[in-house]
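Descriptive structure summary
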Amino acid sequence: MTTRVRPVLLSALLFASFAHAAPAVPAAEGAWPRVRKERIQKLLPQAMARAGVDAWVVLCRENDNDPLAAHVGGENAGGTAAFLFVREGGSVRSTALSPEGEATALRDMAVVDEVVAFERGADVHALVAARLAKAKPAKVAINSSERMSIADGLSATQRAKLEAALSPALRKKLVSSEDLVSEWLSVKTPEEVDIMRKAADLTAKLEEEAYRTVVPGKTRDSDVARFLKKRIAELGVGDGWQPDQNPNVNSGPTRGHSNATDRVIQPGDFIQTDFGIRVGGTWVTDIQRFAYVLAPGEKQPPAEALAKWEKSKKGSRIALAAMKPGVRGYDVDKAQRDWMREAGSEPVMWGTGHPVGYWAHDAGPALSGAASGKPPAGSALRKLQPGQVFAFDGFYAWKDGSSPDALRILSVEEMAVVTETGAEYLNPPQEQLILIPSPATTAAPAKP
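In this report, we go over the structure that sits alongside the text. (Residues numbered from 1 in each chain as written. Predicted model: local features only at pLDDT ≥ 70, side-chain atom pairs only at ≥ 80, totals over all residues. Heavy atoms only, no water.)

Some details on the overall build of the protein chain
- A tally of regular secondary structure across the protein chain gives 12 helices and 18 strands.
- Scaling as 2.2 N^0.38, a compact globule of 448 residues should have a C-alpha radius of gyration of about 22 Å, and the protein chain matches this with 24 Å.
- Put simply, the protein chain has 448 residues, and 52% of those count as buried.
- Looking at the protein chain alone, contacts between residues at least 24 apart form 71% of all its contacts between residues at least 6 apart. (Helix = DSSP H or I, 4+ residues; strand = E, 2+ residues; numbered from the N terminus. Rg over C-alpha atoms; globule rule 2.2 N^0.38 Å. Buried < 20%, exposed > 50% of the residue type's maximum accessible area, 1.4 Å probe, protein only. Contact = heavy atoms within 4.5 Å.)

Below you can see the structure in the form of structure tokens.
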């Protein structure tokens, strides 16, 4: 869907008209226990089938827990507990093997089908081995991965103990859970998509609100970041990624993933705000909004600046059009790279996009790989599926001139969900630059 938005001139009058608008926080609190159970019952069997695994073992423990503990119900582990998922036809039998005590809480939570309590200090690895021997799986997934950190939660000592408990035949059946985790986590339920849709809308509104505080020649990038930090605290939502890098507000040369600096915003600047929030303690967003600082007396940006914006925006729209079920992540990236070359953009090192959901960089197909000129590999080979949510950019880059390698990059970043027929925005995309007027006393504008 495409929504046309008129250019926004952030005058004092407009600021006053928006001052009392209170963005709505998505009603996501308390949804996770219900959603998590639905994901295990409905989505995990499909994911295990697509990944070609028959069983999955997740070991959870206190203080150094598996990254996926909260997804299987193991977030409260004290002594080591095991969560075992065995595929039985079109369904999955889920079992928690837990030390007594925590086993009672697991039964109350009712995340898995069965909770088996054992005496504290007993060897949980031997219990897992016995159940796997009975199930006779052809492939057993464990959380050990070189390429995906969230599928790499099994420590070396845990793996050694598990392998020691397994028969030689079962040890040969161990495989990385990387494919399974990607297949499972990347697809979101309709309720999750709805929560993320509302969260994306809130994210964009907060960024627009922050731009209304900018006074060229006085406001620093870090001031805009502090405003957003204050707003998310007031609204009771969390950071979409590392707090010290969220938001990244940048009015100067591209700095990559970083914190906002004390650079003072000036006329002629593009301002990039890369920002994400976490709602319900679980779901995150990742959206960018761009503003342009007008020179004193200027009503519109120079033609050159507008042309750069339009080229970046078109790259984003081309990427969206390429996002269809069955398409590889690499192919989405290539569609945008082809446009960048046609538009005269400098090369950009980052991929076009990435899955987003439980982390800002979630599991699933990477919309990347085409910049290197090498054959596609890794997550870029994964195919898009309905229910996957992505944050994706339209790039246009040019040399900054301040140093030989300095670039300015417009990266129109939106969020979209893959549907049965294509992809659609989670919230209305940014169509026009947000325009910030300058006081008559502000310094002369920089070149766009």
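Thoughts on the sheet that holds strand S7 (residues 174-176)
- Ordered in space as S5-S4-S3-S2-S6-S7, the 6 strands form an open sheet in which the pairing is mixed. Pairing within the sheet leaves two strands with one partner each, and these edge strands are strand S5 (114-118) and S7. The mean angle between the axes of side-by-side strands here comes to 25 degrees, regardless of whether they run parallel or antiparallel.
- By the bridge criterion, 3 bridges tie strand S6 (residues 140-142) to S7 in an arrangement that is parallel. Counterpart to Ala141 in the pairing with S7 is Val175.
- Across the sheet, helix H2 (residues 32-51) lies against strand S2 (55-60), strand S3 (81-88) and strand S4 (91-99), angled at about 70 degrees from S3, the strand it touches most. (Pairing = 2+ DSSP bridges. Axes fitted to C-alpha atoms, helices over the stretch in contact; angles between N-to-C directions.)

Observations concerning the sheet that holds strand S12 (residues 283-284)
- In spatial order, the strands read S8-S11-S12; together these 3 strands make up an open sheet with antiparallel pairing. Sheet topology places strand S8 (238-239) and S12 at the edges, where each strand pairs with a single neighbour.
- Note: strand S11 (residues 277-279) against S12, 2 bridges, orientation antiparallel. Counterpart to Val279 in the pairing with S12 is Trp283.
- Packed on one face of the sheet, helix H9 (residues 190-211) meets S11 and S12 and runs near 140 degrees to S11.

Here we look at the pairing of strand S15 (residues 389-399)
- In terms of residue burial, S15 counts as a mostly covered element, since 10 of its 11 residues are buried.
- As defined by bridge partners, S15 adjoins strand S16 (residues 407-418) across 11 bridges and the pair is classed as antiparallel. Along S16, the bridge assignment pairs Phe390 with Ala416.

Examining the nonpolar core
- Within the largest apolar cluster, 74 residues are counted, with the highest numbers of intra-cluster contacts made by Trp56, Phe83, Phe85 and Trp283.
- Ranked by residues supplied to this core, first place goes to H9 with 9 residues.
- With 19 residues, the next largest nonpolar core counts Ala55, Leu97, Val140 and Ile142 among its residues. (Core = buried A, V, L, I, M, F, W, Y, C linked by side-chain atoms within 4.5 Å.)

Things to note about the packing of aromatic side chains
- Tallying each qualifying case throughout the model produces 10 aromatic pairs.
- Relative to Trp283, the ring of Trp32 lies with its centre 5.8 Å away and its plane at 80 degrees, an arrangement referred to as edge-to-face. Remark: Trp283 occurs in strand S12 and Trp32 occurs in helix H2; sequence separation between them is 251 residues. Across the pair, exposure class does not vary: Trp32 and Trp283 are buried alike. (Phe/Tyr/Trp six-rings, centres within 6.5 Å; stacked < 30°, edge-to-face > 60°.)

Function cannot be read off these values alone, since they describe shape.
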